[in-house]
Amino acid sequence: MIKVGDKVPNATFKRVTADGIVDVDLHALINGKKVVLFALPAAFSSTCSEQHLPSYVKMAEAIKAKGVDEIICVSVNDPIVMRAWEEASAVDNKISMLADWNADFSTAMGLTFDGSAIGLGTRSVRYTSIIDDGIIKHLDVEPNSLACTVSKADSVLNYL
C-alpha cells in the first residue's frame, strides 16, 4: 500500500468532456500542484452519494482557499457513469471526476478490495490524500470502506 512520502503512481484515467471521452494523464494533471485526491468504491452508491462526494462539493471553495490547486475524485466506474454522477451531484466543475475504469490506479496504489460478493468486482477502498508535486503528504484510509468518517472533506481540511 502506498504511504506518506511515496510518489503517486502514474495512471491514465478516462473523463467525458464536450469533446467526448478523453484520456487524463495523472502526472500531467498533478505535477507542480497541491492536490486533494479522494477515492471511493462506487458512483451512485448510498454512502458515496449521500456523504462522501457531497462533503467535497460543499467544501471545495474552503479546500481551495487553503492552497489546493485541484480536487480529484476517483472511482472504479466507467467514464459515462462518472459524468452522469457528476451531473446528478451538481459538482459544477469544482472537482475533477476521474474514471479508474479497470482499477489500474487503485491497484497500483495498493488500495483495493474485492467487492465480488456484492456484485462490484475490484473496487477502490475509501480514502483521502493530500498530494504535493506528486508526493503523498497525507493519507487517511477508512478502516471500513462502507463508512465515511476520516475521508470526508472536513477531515482533510484539518490537515491543510
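For the structure itself, look to the data block above.
This one's a predicted model, so the numbers in the text were calculated from it and none came from an experiment. (Residues numbered from 1 in each chain as written. Predicted model: local features only at pLDDT ≥ 70, side-chain atom pairs only at ≥ 80, totals over all residues. Heavy atoms only, no water.)

**Q** I'm lost on the pattern of salt bridges in this one. Help?
**A** Within this structure, the stated rule accounts for five salt bridges. Measuring nitrogen to oxygen at the nearest pair gives 3.2 Å for the salt bridge that ties K3 to D6. Exposure remark for D6: the relative accessible area of 23% places this residue in the partly exposed category. Across the salt bridge formed by D23 and K14, the nearest N and O atoms sit 2.5 Å from each other. (Salt bridge = Lys/Arg side-chain N within 4 Å of Asp/Glu carboxyl O. Buried < 20%, exposed > 50% of the residue type's maximum accessible area, 1.4 Å probe, protein only.)

**Q** What am I meant to see in the side chain of R123 here?
**A** Note on placement: R123 falls in strand β7 (residues 122-124). As a buried residue without a salt bridge, R123 has its nearest oppositely charged side chain in D78, at a separation of 8.3 Å. At a separation of 3.1 Å, a polar atom in the side chain of R123 contacts the main-chain carbonyl oxygen of P41. Beyond its immediate sequence surroundings of up to four residues, R123 is in contact with P41, A42, V76, N77, L111, T112 and F113. (Helix = DSSP H or I, 4+ residues; strand = E, 2+ residues; numbered from the N terminus. Lys, Arg positive; Asp, Glu negative; His and termini not counted. Polar contact = N/O pair within 3.5 Å; in protein donor to acceptor, adjacent residues only side chain to side chain. Contact = heavy atoms within 4.5 Å.)

**Q** Please explain helix α3 (residues 79-88) as it appears in this structure.
**A** Taken together, the buried positions of α3 are occupied by P79, M82, W85 and E86. Across the axial projection of α3, the buried residues extend over an arc of 120 degrees, all falling on one side. Relative to its buried face, α3 has exposed residues pointing more than 90 degrees away, namely I80, E87 and A88. Packing partners of the buried residues in α3 comprise β1 (12-17), β2 (20-25), β3 (34-40), α2 (46-64), β4 (70-75) and β5 (96-99). (Arc of directions from axis to C-beta.)

**Q** Help me understand the pairing of β3, please; the structure alone is not making it clear to me.
**A** Within a regular strand, side chains alternate between the sheet's two faces. Taken across its seven residues, β3 has six buried, putting it largely inside the fold. Sheet topology places β3 next to strand β8 (residues 127-132); six bridges connect them, and they run antiparallel. Considered in β8, the bridge of A39 is made with Y127. Here six bridges tie β3 to β4, and the two strands are oriented parallel to one another. Each residue of the ladder has a partner; that of A39, found in β4, is V74. Note that the unit made of β3, α2 and β4 has a crossover that is right-handed. (Pairing = 2+ DSSP bridges. Right-handed = clockwise from strand over helix to strand, strands pointing away.)

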